[in-house]
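Breakdown of the fold
The chain contents come next:
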Amino acid sequence: MALEPNPNIFANNPLDRVSDKRTDDEWLKGKMEDPESRYVPFYKLMPFVLPEAAPSEGKDIAWMPPEMVKPLMNPASTTVLLGINKRGRALFATDVTFGENPENGPLKGMGEFEDLRGLAMKGEITSGELAIMAQGKSMIDWHLRHGYCSACGHPSRMAEAGYKRVCPECGAEHFPRTDPVAIMLATRGDMALLGRQPMFPKGMFSSLAGFIEPGESIEEAVAREMMEEAGVAVHNVRYHSTQPWPYPSQLMIGCHCEAETEEITVDGVELDEARWFSRDDLRAVLAGEDKGFWVPPPFAIAHQLIKSWVAEG
Ligand SMILES: [Zn+2]
């Protein structure tokens, strides 16, 4: 039985990550050289994307066979296994950020390296491929920024197809990180609390959010952030869904919770303003009506939290 679909962009990754096989260096070497395997090159953390084959058909990730991607790589290229697709092909992501953009060289005229956020916002590639690209971006980014052992400072080396780094000097093992962030919609009766960060575009209000700290449960982080940013005590924290967010490697944990008071005291640092919005106004804004404010678009988990709460009433 398959998992229920997750409403969030960058979720629903369709690949088999073969954690039982990727520890086998011989198997990995065979897959890396197998002409049936496919690679997506990343330049400055952007995947290479082919233009639409026909208008409105959407763009495609440029999956390249080994002989096509090899000229773009150098011996220092970071290459990670993404997984095995439903056709049994091994898929890899590889970093080709060396000097000039290959878009102006060997890949000229074929397509473009495109920022994932733009692709997600415009809905130009399928949700399964967006999820795979989020995985590739977070993995390559982690390796590029973690070349040295954090225990002793010696250069470390990649192992297990990218899912580990090992220090040859002190033997320490390091694993790709995921940073949990709680994002929550506090409600009270038929009202929901949304806030504005100073950097938000004009008129946009969204769910409050914050990093979960060491030694903290999801519920505790939700309650702490609501109190710190808005001065509102909450209880009955309920998990809604999660969203991998590859900037660089967050896991957004979406929750609903109930506020105990209506009075709001914003911290003035993380939030400029916070307000209660009625379910009817939120429903109208989701339907595209102008109510003098707007909420994040569907690719943001905040949108899904608001949408599911609006649908309850
Ligand atoms: Zn070390």
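See the structure above.
Basis of the calculations
Residues numbered from 1 in each chain as written. Predicted model: local features only at pLDDT ≥ 70, side-chain atom pairs only at ≥ 80, totals over all residues. Heavy atoms only, no water. Donors = N, O, S within 2.8 Å, 3.2 Å for Na, K, Ca; no water. Tetrahedral: all angles 85-135°; square planar, octahedral: opposite > 155°, others 65-115°. Helix = DSSP H or I, 4+ residues; strand = E, 2+ residues; numbered from the N terminus. Buried < 20%, exposed > 50% of the residue type's maximum accessible area, 1.4 Å probe, protein only. Core = buried A, V, L, I, M, F, W, Y, C linked by side-chain atoms within 4.5 Å. Domains from an automatic or database assignment. Contact = heavy atoms within 4.5 Å. Pairing = 2+ DSSP bridges.

At the metal site, the zinc ion is ligated by Cys149 (SG), Cys152 (SG), Cys167 (SG) and Cys170 (SG), and these contacts range over 2.3 to 2.4 Å. Around the zinc ion sit four donor atoms; with metal-centred angles ranging over 102 to 115°, the donor geometry is tetrahedral. Spacing between the donor residues of the zinc ion along the chain follows C-x2-C-x14-C-x2-C. Of the two residues, Cys149 is situated in the loop between α4 (127-145) and β7 (157-159) and Cys170 in the loop between β8 (164-166) and β9 (173-174); the sequence distance between them amounts to 21 residues. Overall, the relative accessible area of 41% leaves Cys170 in the partly exposed class.

This part is about unusual backbone geometry. With omega at -5°, the peptide bond leading from Tyr247 into Pro248 counts as cis. Here Pro248 is to be found in the loop between β13 (234-245) and β14 (250-259). Phi is positive for Ala161, which is not a glycine, with a value near 60°.

Formed by 62 residues in total, the largest nonpolar core has its most connected members in Phe10, Leu81, Leu130, Met133, Leu194 and Leu282. Shared between two domains, this core takes at least three residues from each, and those domains are domain 1 (1-144) and domain 3 (179-312). Beyond its immediate chain neighbours, meaning those up to four positions away, Leu282 contacts Ala192, Leu194, Phe277, Phe293, Val295, Ile306, Trp309 and Val310.

On to the pairing of strand β10 (residues 179-188). In terms of burial, β10 is a largely internal element, eight of the ten residues being buried. Sheet topology places β10 next to strand β12 (residues 208-211); four bridges connect them, and they run antiparallel. Among the inter-strand pairings, Ile183 is bridged to a residue of β12, identified as Ala209. Here β10 runs beside strand β11 (residues 191-196); their pairing, made up of three bridges, is antiparallel. Looking across to β11, one finds that Thr187 is bridged to Ala192. In textbook terms, the turn of a hairpin is the stretch between consecutive antiparallel strands, and for β10 and β11 this stretch comprises two residues, one of which, Gly189, has a positive phi near 60°.

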